[in-house]
Amino acid sequence: MNRLFLLLTFLSGTALIGFTGFFPTTQPAAQRPNILFIVADDAGADFSAYGRTWVNTPAFDRIAQEGILFNRAYTPNAKCAPSRSCIMTGRNSWQLDAAANHWIFFPTKFKTYMEALGESGYVTGFTGKGYAPGKALTDEGQPRNLLGPEFAKHKLNPPAKFIANNDYAANFTDFVQQAGDKPWSFWVGFNEPHRAYEYGVGTRKAGKKPSQIERVPGYWPDSLTIRTDLLDYAYEIEYMDSHVARILKTLEANGQLNNTLIVFTSDHGMPFPRVKGNQYENANHIPMAIRWPAGIAKPNRKVDDYVSFIDLAPTFLQAAGLDPNITGMQPITGTSLFDLFNASTSGQVNPARNFVLVGQERHDIGRPHDQGYPIRGIHKDGMLYLTNYEPGRWPVCNPETGYLNTDGSPTKTLILNLRRRGQNKTYWQTNFGKRPPEEFYDVRRDPDCMKNLVNDPKYKAVAQKLKAEMVAKLKAQDDLRQIGFGHLYEQYPMCEPQYRGFYERVMAGEKIRTGWVELSDYEKAAIDD
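The shown structure was predicted, so the numbers you read here are calculated from the model rather than taken from an experiment.

Cut-offs applied
Residues numbered from 1 in each chain as written. Predicted model: local features only at pLDDT ≥ 70, side-chain atom pairs only at ≥ 80, totals over all residues. Heavy atoms only, no water. Helix = DSSP H or I, 4+ residues; strand = E, 2+ residues; numbered from the N terminus. Rg over C-alpha atoms; globule rule 2.2 N^0.38 Å. Buried < 20%, exposed > 50% of the residue type's maximum accessible area, 1.4 Å probe, protein only. Areas by Shrake-Rupley, 256 points an atom, 1.4 Å probe, with all protein chains shown as cover. Lys, Arg positive; Asp, Glu negative; His and termini not counted. Charge placed at Lys NZ, Arg CZ, Asp CG, Glu CD. Pairing = 2+ DSSP bridges. Core = buried A, V, L, I, M, F, W, Y, C linked by side-chain atoms within 4.5 Å. Axes fitted to C-alpha atoms, helices over the stretch in contact; angles between N-to-C directions. Parallel < 35°, antiparallel > 145°, perpendicular 65-115°, else oblique. Contact = heavy atoms within 4.5 Å. Nonpolar A, V, L, I, M, F, W, Y, C, P; charged D, E, K, R; others polar. Polar contact = N/O pair within 3.5 Å; in protein donor to acceptor, adjacent residues only side chain to side chain.

A. Examining the overall build of the protein more closely. Helix and strand counts for the protein come out as 14 helices and 16 strands. Here the C-alpha radius of gyration of the protein, 22 Å, is about what a compact globule of 529 residues would show, namely 24 Å. In the protein, buried positions account for 62% of the 529 residues. Looking at the protein as shown, the accessible area adds up to about 19,700 Å², and 53% of this sits on carbon and sulfur atoms. For the protein, the distance from the average position of its 60 positive side-chain charges to the average position of its 56 negative side-chain charges is 2 Å.

B. Representation of the sheet that holds strand E9 (residues 285-286) in the model. Taking strand neighbours across the sheet as the criterion, the three strands line up as E9-E3-E12 in an open arrangement whose pairing is mixed. Sheet topology places E9 and strand E12 (307-308) at the edges, where each strand pairs with a single neighbour. As paired strands, strand E3 (residues 73-74) and E9 are joined by two bridges and run antiparallel to one another. The residue bridging tyrosine 74 from the neighbouring strand is histidine 285, located in E9.

C. Region of the structure containing the nonpolar core. Of all hydrophobic cores here, the largest spans 59 residues; its most connected members are Leu36, Trp184 and Trp220. For this core, the elements supplying multiple residues, two or more each, are strand E1 (34-40), helix H2 (58-65), helix H5 (168-179), strand E7 (184-189), helix H7 (224-253), strand E8 (260-266), helix H11 (410-420) and helix H12 (426-432). Ranked by residue count, the leading element in this core is H7, at eleven residues. Counting 51 residues, the second-largest nonpolar core is a separate cluster that includes Tyr131, Val307, Ala319 and Leu322.

D. Fine view of the packing of H2 against H7. At their nearest, the axes of H2 and H7 sit 7 Å apart, and the two run at 50 degrees to each other. The pairing of H2 with H7 is recorded here as oblique in orientation. Between H2 and H7, the contacting residues are Pro58, Ala59, Phe60, Arg62 and Ile63 on the first element and Asp241, Val244, Ala245, Leu248 and Glu252 on the second. Looking at the contact of H2 with H7 residue by residue, the class counts come to seven nonpolar, no polar and three charged.

E. Spatial organisation of the environment of threonine 333. Relative to the elements of secondary structure, threonine 333 occurs in the loop between helix H9 (312-319) and helix H10 (338-341). Since its relative accessible area comes to 27%, threonine 333 is described here as partly exposed. Linking threonine 333 and leucine 147, residues 186 residues apart in sequence, is a C-alpha distance of 20 Å. Excluding residues within four positions of it along the chain, threonine 333 makes contact with Gly90, Arg91, Asn92, Gln95, Ile310 and Gln477. One polar contact links threonine 333 to glutamine 95, side chain to side chain, over a distance of 2.7 Å.

F. Geometry of helix H3 (residues 80-89). With ten of its ten residues buried, H3 lies for the most part within the structure. For H3, the secondary structure elements touched by its buried residues are E1, strand E4 (104-106), helix H4 (113-119), E7 and H9. Just beyond H3, the residue with positive phi is glycine 90, at close to 75 degrees.

Read these as geometric descriptors, not functional statements.
Rendered as structure tokens:
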């Protein structure tokens, strides 16, 4: 209840004071590894190391082959800002107050691992997308850089429309040169493969063929439009991977490759309906490869342990020789991955790593009173249990405001039009319709999470056992949803005033352009389903 008191204090207008100060390390500077965190924006586990035939990612594959490929890596929250909050703090999103949500002021009480490393002597910085969308300020209202200085001087002519003009690799080289002989920690935040895409670029410029896609997920119709959309997504993943190849060459050229802990991952699944912004298997399951010759006992392994983004911050701190308890960070929930680094086997390495927790609060605008869609879930032993706490609400925001928690895309438009034309309502229901209070899936047999088994007699006991375990773990983490105060997550204001009260303003006739959905996504009338 101490956390509840602090939350009520914050909401009443009293600011919380963050931690500052320099602290010692037990590890000599010469032995401290560099830390390179590479994160895609909206890429699922669609890399060739995972067997995708329609995506070629040699740089990611190299990191995996020379390190560890994680088969069960997850983000706790499949949306950009809350997912990145978990990475930076080592805490689940429901433990991060306002930062459980999208478009918020990042709470001053939470220090990031990059801030901690910077105070311990590391040179820090980032390029591209860092913590976003949201604003980070100090208690005095001044801009707060959660990841160190930004490096963005170098630009290029992107090969396709909508790809960012950031020369990520060149900006990384600038940073490394400025860091000199000091240990450093750098964040490469790609804007790719975030939407929008240049339609057909995958086939026109990369020579890809729709037939290369071995399977279209069962929650979408198998059509040329959707296959083309997927190949455009693949094109941006491959473009991003080419920058990572250049980054690896830079590290090789300056002799720092073997003393650099490299993590290559993505903040959540692909920007397609029923994936990004949801909490199903393909939403939270993310790619992850880690390379660190000085710290990984045996490379070229594939690990099946469940790992979470909250495990990264304690891993980085341990690599740097820092005790998390003296960094000034709030208590870390995640567990360092050193147990997996020190092992020599593939498969399931640590029997205790047999679950991850997932969930969400308010992602996007577009519901009455700026409400969210609260979910909690647990993955364990190939099963997924979910609780939808407000099943009366629209899961990806209201139809009449454009289903704003699903980015606009050819795939989205196709599914919406199938319903509007009376041709097929099933895909619309699966992707945009309301959901039951509980869901349970056997992910091993049903990776698309299409068959809800929560009331199946064969699975009912297992589902309820997982629910009880989930609730117990969440209570231990002070999740306000478990003690009747979940509404407090929805009372934190959005940092962008133009989006506050969006639903009511649109219903009153105001035209507000969001930029991430199509105008045609807005339904002309409310839907009663």
